[in-house]
There are 2 protein chains.
Amino acid sequence: MSPFIVILSTGSELTAGRSLDTNSGWIANQLFELGWKVKKFITLPDDPNLILSELQSLQTLAKEKPVLVIMTGGLGPTEDDYTLETVLKLTGKTSYSVEKAKLRLTKIYESRGKEYKDILPNVFRQTFVPEGCKTLDNSVGIAVGFVEVIGENSYLVCMPGVPSEMTEMFKRRLVPELKKLYPRENLLQKTKWLWNIGESLFQNDFIEPNRDEFFKEAEWGVTANRGYIKCIFQSTNQNLLDQIINRLETQYPNIISDDVFSFVHERLLGENLTISVVESCTGGLLGKKLTEQPGSSAYFMGGFLTYSNEMKSQLLGIPSETINSFGAVSEEVAKAMVDGLCLKTGTDFGISITGIAGPDGGSEGKPVGTVCIGIKEPNGETTVFRYVFPGNREAIRENASNTAIFLIYQSLKKRVI
Amino acid sequence: MSPFIVILSTGSELTAGRSLDTNSGWIANQLFELGWKVKKFITLPDDPNLILSELQSLQTLAKEKPVLVIMTGGLGPTEDDYTLETVLKLTGKTSYSVEKAKLRLTKIYESRGKEYKDILPNVFRQTFVPEGCKTLDNSVGIAVGFVEVIGENSYLVCMPGVPSEMTEMFKRRLVPELKKLYPRENLLQKTKWLWNIGESLFQNDFIEPNRDEFFKEAEWGVTANRGYIKCIFQSTNQNLLDQIINRLETQYPNIISDDVFSFVHERLLGENLTISVVESCTGGLLGKKLTEQPGSSAYFMGGFLTYSNEMKSQLLGIPSETINSFGAVSEEVAKAMVDGLCLKTGTDFGISITGIAGPDGGSEGKPVGTVCIGIKEPNGETTVFRYVFPGNREAIRENASNTAIFLIYQSLKKRVI
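Sequence order sets the numbering: in each chain, residues are counted from 1 along the sequence as written. Going through the entries in the order they are written, you letter the chains from A and number the ligands from 1. Owing to the predicted nature of the model, reporting of local features is limited to residues with pLDDT of at least 70; listing and counting of side-chain atom pairs is limited to 80 or more, with chain, interface and lining totals taken over all residues. Side-chain measures here rest on the full set of heavy atoms in the structure, leaving out hydrogens and waters.

Looking at an unreviewed UniProt entry, one finds chain A named CinA-like protein, with Leptospira levettii as its source organism.

1. Notes on the overall build of chain A
Assigned secondary structure in chain A consists of 15 helices and 17 strands. In terms of overall dimensions, chain A has a C-alpha envelope of 80 × 65 × 45 Å along the principal axes. Note on classification: 1.4 Å probe, protein chains only; a residue is buried when its accessible area is under 20% of the maximum for its type, exposed when over 50%, partly exposed between these limits. Buried positions account for 54% of the 417 residues belonging to chain A. Restricting to contacts in chain A with at least 6 residues of sequence separation, those with at least 24 account for 68%. With residues, only the protein chains shown are counted as cover, and all accessible areas are computed by Shrake-Rupley using a 1.4 Å probe. If you sum the accessible surface of chain A, you get close to 17700 Å²; carbon and sulfur atoms cover 48% of it. Both charge centroids of chain A, one from 44 positive and one from 50 negative side chains, sit 3 Å from each other. We count a stretch as a helix when DSSP gives it H or I for four or more residues in a row; a strand needs E for two or more, and each element gets its number in order from the N terminus. Working rule for contacts: check all heavy atoms of both residues, and any pair within 4.5 Å makes them a contact. Under this rule, positive means Lys or Arg and negative means Asp or Glu; His and the chain ends count for nothing. The location of each charge is read from NZ of Lys, CZ of Arg, CG of Asp or CD of Glu.

2. Description of the sheet that holds strand S9 (residues 188-195) of chain B
Residue and element names in this part refer to chain B. Spatial strand order, S10-S11-S9-S12: four strands in an open sheet with antiparallel pairing. Each of the sheet's edge strands pairs with one partner strand only, and the pair in question is strand S10 (219-224) and strand S12 (256-257). Taken together, the two bridges between S9 and S12 define a ladder with antiparallel strand orientation. Counted as the bridge partner of Trp193 is Ser257 from S12. Strands qualify as paired when DSSP identifies two bridges or more between them.

3. Considerations on helix H16 (residues 393-414) of chain B
One less than the number of residues in a helix, times 1.5 Å, gives the span that helix is expected to have. Between its first and last C-alpha, H16 of chain B extends 32 Å over 22 residues, near the 32 Å set by a 1.5 Å rise per residue. The element H16 of chain B is largely enclosed, with a buried count of 18 among its 22 residues.

4. Details of the interface of chain A and chain B
Across the boundary between the two partners, chain A contributes 61 residues, which contact 64 residues of chain B. The term buried area means the drop in 1.4 Å probe accessible area that two parts suffer when joined, counted for both and summed. Between chain A and chain B the total buried area reaches about 4700 Å² when both faces are included, carbon and sulfur atoms providing 60% of it. Taken as a group, Arg18, Leu305 and Tyr307 of chain A account for 13% of the area that chain A buries against chain B, more than any other trio of residues on that side. The salt bridge definition used is simple: a Lys or Arg side-chain nitrogen within 4 Å of an Asp or Glu carboxyl oxygen. Seen at the junction of chain A and chain B, the total is two salt bridges. Here Lys40 of chain B makes a salt bridge to Glu54 of chain A, at a shortest N to O gap of 2.6 Å. Any pair of nitrogen or oxygen atoms within 3.5 Å is treated as a polar contact; in protein, a donor-acceptor pairing is required on top of that, and neighbouring residues in sequence qualify only through side-chain atoms on both sides. At the boundary of chain A with chain B, the tally comes to 26 residue pairs in polar contact (both at pLDDT 80 or more). For this classification, the nonpolar set comprises Ala, Val, Leu, Ile, Met, Phe, Trp, Tyr, Cys and Pro, the charged set comprises Asp, Glu, Lys and Arg, and every other residue, Gly included, is treated as polar. For the side of chain A that touches chain B, the residue count by class is 24 nonpolar, 24 polar and 13 charged. In terms of strand pairing, strand S2 (residues 38-44) of chain A meets strand S2 (residues 38-44) of chain B through three bridges, oriented antiparallel. Along S2 of chain B, the bridge assignment pairs Phe41 of chain A with Thr43 of chain B.

5. Quick look at the sheet that holds S2 of chain B
Spatially, 12 strands are ordered S6(A)-S7(A)-S8(A)-S3(A)-S1(A)-S2(A)-S2(B)-S1(B)-S3(B)-S8(B)-S7(B)-S6(B) in an open sheet, and the strand pairing comes out mixed. The two strands at the open ends of the sheet, each matched to only one other strand, are strand S6 (134-136) of chain A together with strand S6 (134-136) of chain B. For this sheet the average axis-to-axis angle between neighbouring strands, irrespective of direction, equals 20 degrees. Bridge count between strand S3 (residues 67-72) of chain A and strand S8 (residues 154-159) of chain A: five bridges; the pairing is parallel. The partner of Thr72 of chain A across the bridge, within S8 of chain A, is Met159 of chain A. Axis definition: a line fitted to C-alpha atoms, limited for helices to the stretch in contact. Angles are taken between N-to-C directions and run from 0 to 180 degrees. Set on the sheet, helix H7 (residues 163-181) of chain B makes contact with strand S3 (67-72), S6, strand S7 (145-151) and strand S8 (154-159) of chain B; between it and S8 of chain B the angle comes to about 165 degrees.

6. A look at the relation of the copies chain A and chain B
Superposition of the two copies of the chain requires a rotation about an axis together with a shift along that axis. It takes a turn of 179 degrees to lay chain A on chain B, together with a shift of 1.5 Å along the axis; the resulting RMSD is 1.8 Å. Both copies of the chain, as the preceding transformation shows, are related through a two-fold rotation axis. C-alpha atoms of residues with pLDDT of at least 70 in both copies form the basis for the least-squares superposition of the copies.

7. Focus: the UniProt feature "domain: MoaB/Mog" (unreviewed entry) in chain A
The positions UniProt marks with the feature "domain: MoaB/Mog" (unreviewed entry) are residues 6-181 of chain A. Its end C-alpha atoms 16 Å apart, residues 6-181 of chain A is made of 42% helix and 23% strand. UniProt positions are given in the numbering used here, feature names are shortened, and annotations may be inferred rather than shown by experiment.

8. Quick word on the nonpolar core
Counting residues in hydrophobic clusters, the biggest one holds 70 residues, and the most contacted among them are Ile275, Ile351 and Ile353 of chain A together with Ile275, Ile351 and Ile353 of chain B. As used in this record, nonpolar core signifies buried Ala, Val, Leu, Ile, Met, Phe, Trp, Tyr and Cys residues forming a set joined through side-chain atoms within 4.5 Å. Counting residues in hydrophobic clusters, the runner-up holds 30 residues, among them Phe4, Ile42, Cys133 and Cys158 of chain A.

9. Notes on the pairing of strand S16 (residues 370-376) of chain A
Residues and elements named next belong to chain A. The element S16 is largely enclosed, with a buried count of seven among its seven residues. Judged by which residues are buried, S16 turns out to be covered on both faces: Thr370, Cys372, Gly374 and Lys376 on one side and Val371, Ile373 and Ile375 on the other are all buried. Here strand S15 (residues 349-355) pairs with S16 via six bridges, running antiparallel. Each residue of the ladder has a partner; that of Ser352, found in S16, is Gly374. Pairing between S16 and strand S17 (residues 382-388): seven bridges, direction antiparallel. Bridge pairing in S17 places Ile373 opposite Phe385. Taken together, S16 and the strand that follows it, S17, pair antiparallel across an intervening segment of five residues, in which Gly380 is found at a positive phi of about 95 degrees.

10. What about the environment of Lys366 of chain A?
Residue and element names in this part refer to chain A. Its place among the elements puts Lys366 in the loop between S15 and S16. Excluding residues that lie within four positions of it along the chain, Lys366 makes contacts with Phe326, Gly327, Val329, Ser330, Ile356, Gly361 and Arg386. A polar atom in the side chain of Lys366 sits 2.8 Å from the backbone oxygen of Val329.

11. Structural notes on unusual backbone geometry
Residues and elements named next belong to chain A. The omega torsion of the bond from Gly358 to Pro359 falls at 5 degrees, within 30 degrees of zero and hence cis. Tracing the backbone through its elements, the reader meets Pro359 in the loop between S15 and S16. Even without being a glycine, Asn196 presents a positive backbone phi close to 50 degrees. Counting through the fold element by element, Asn196 comes out in the loop between strand S9 (188-195) and helix H8 (199-214). Using a relative accessible area of 42% as the deciding quantity, one classes Asn196 as partly exposed. Even without being a glycine, Asn272 presents a positive backbone phi close to 55 degrees. The exposure class assigned to Asn272 is exposed, which follows from its relative accessible area of 68%.

12. Thoughts on empty space enclosed by the protein
Points on a 1 Å grid, built from protein atoms alone, make a cavity when a 1.4 Å probe fits but cannot get out and make a pocket when they are open with protein on both sides within 12 Å along at least 5 of 7 lines; residues with an atom within 4 Å of a point are the lining residues. Grid points are joined across faces, edges and corners, and a volume is the space filled by probe spheres set on the points. Per the stated rule, a full pass over the model turns up two cavities of 30 Å³ or more. Looking at the largest cavity, its volume works out to about 180 Å³. Looking at the lining of the largest cavity, the elements with two or more residues in it are helix H2 (23-33) and S2 of chain A together with helix H2 (23-33) and S2 of chain B. Looking at the lining of the largest cavity, its residues break down into seven nonpolar, eight polar and two charged. For the second largest cavity, the calculated volume is near 30 Å³. Lining of the second largest cavity is provided by Pro48, Asn49, Leu52, Glu85, Thr86 and Lys89 of chain B. Looking at the lining of the second largest cavity, the elements that each hand over two or more residues are helix H3 (48-61) and helix H4 (83-91) of chain B. In terms of residue class, the lining of the second largest cavity is built from two nonpolar, two polar and two charged.

As structure tokens, then:
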């Protein structure tokens, strides 16, 4: 039995459009992976009356059916944090300070050379929860989360709005709790990525022909990303899931992958391989992506940003005649860039990117979106790939960087270890 | 008289967390600039029953007070687009095809070598609106928007969910309509950025002491970003706004700025200045940020990614003794990096970043978040700044890159043109 799930986020910065609510989507995505569908998102400003009346409606709804409300925000130390106060009004309960959180807060103060008595009342307030509720420890920040009963099989979950605190609390504290509150069959999930293919094409070519055979007993979902779509399949039937993935791999042998970001990270680490990059149109985005994961310093050495033609010549020694005769965006220059790069850095892998990110600079033969990516593999071979990526400047740059990482993935994948 | 504003977006991809709803925040922001505050965001899946019952509740609410519902999504050609059908159920009206939209659609088909009779019924459906409503032309896509009366001084606005269509329709068609429906005084707005200061400190130090004098007749808002907060002030009184900005500049002379990204872009272009970067912990993020705007190739030349110590020595010739004795994250190395950079690139500005992005690598004297930023100015002077930025790896890297751009801003600001 699945509850009617509502995600409620509070924050005047959200309803004023000054911040984007990324929490609700993240939670919905996590719940989807657990096999639950969210029925509604609600976002309210930091207005205790609006929040209370919303919670009252949800409590009324819980008289008809099981309702799960997951609320984020309003547990902080400032005067516009109203969540606890509002929940106490809703339930008529009193609150108490959670001992563990109090100790944690004291230790944090002590580590800064302050004492228990220095703790400001509004900071201390974050350790309070309603009496008799289930508490959710915060291992990142101060504010304690909690689960309050609001009806038969109905619960109100309150968590901080700070994403790093919320996501940690959700995964470590709330998920085990939810599995106890709403036990269900174990749902299995498989995810694969497909590169440079649209959602609707995938649906036409893969989902529709296999609908009767596969998708009566399995759920599917697709998310579009820059350069790839993520295909998610869910079922309680492991065998069916394996069949789906098998057919997918047979149908799309050249554009299928797993999560390339973590694969590349793990394999470069595991094989003690190094990499360097030289970027033109992406201006540093590929380097940024390759250094997002802690520990990337073991394989990512560095490289060059050769945005201008002068820098391509000056830093890498590419003859200006090469650039002039073939154009800065050409297979020839991409090759010269990656060769020049590896000569200077001596890394196992080298990647070069040169392209037209737009909105200007396109021509008949080289429209905006044209990108050449060169890859030098550990065996010394250099290959250059040419693409025309869709979308605006930002999309083209994201697409080019992600595709470069896909090329590294493919090269690593074919290596015999 | 302001209505109670609700923004309602529909889409199963939103409530599944596969796509992020950027429309609601964008609309709220536009409305805020017009002087209106949004009271609630609601997001629903493509479920006609859930949508109808939500619209019915909002219609009921409109019996108590003026309500403005701005709805996006569900006007497209696919089978899960339910908005028109649901609104017709709500009002009991019939629909008709808007002549202008029909003509436009026909022209689009003809331009693709097809005829009127080729138009698929579900595509044609997008030209329909409820009888007797105010229509909102779509100059980007096909689906027509509309404004339906749902009570006294209460309206339901329906617009497509495709951002490019919605934003165009909002600005060109809806805003003039809203100004007629809810006439009000002209609101003025000023925005300033403050660097490396928290929201609550700003509120304590600036808003509270000036509350009586300024903020009875002016609204304020703050958004937190990586490295800076954006302070927004609104009033119908220009003189009061000027006084607020004046006091802000007096109180925070060293950390105040305008939008540094567009300022730096405009000024580097306008003064024909060039810039190059050398990045360690940010791995390319600063270069990426400096090349986000079209036309940045006029000033951004390129530079180096020296993530590893070997690259710092190999590519820039920094003696390994310097790195070993002071540490890779030190004022000395930041200075050597930017000096080495400018020797190789010869640009007017040079920026170096070296820091500890974490989560590991921190020490007593150099905790995680320690970042040294070197800036070489066009007059040849080099200055190094040292920071300890808060947050996780991503936050520290964003913070460092943004702060580097703030340093360029400050240097450009003090130049006499």
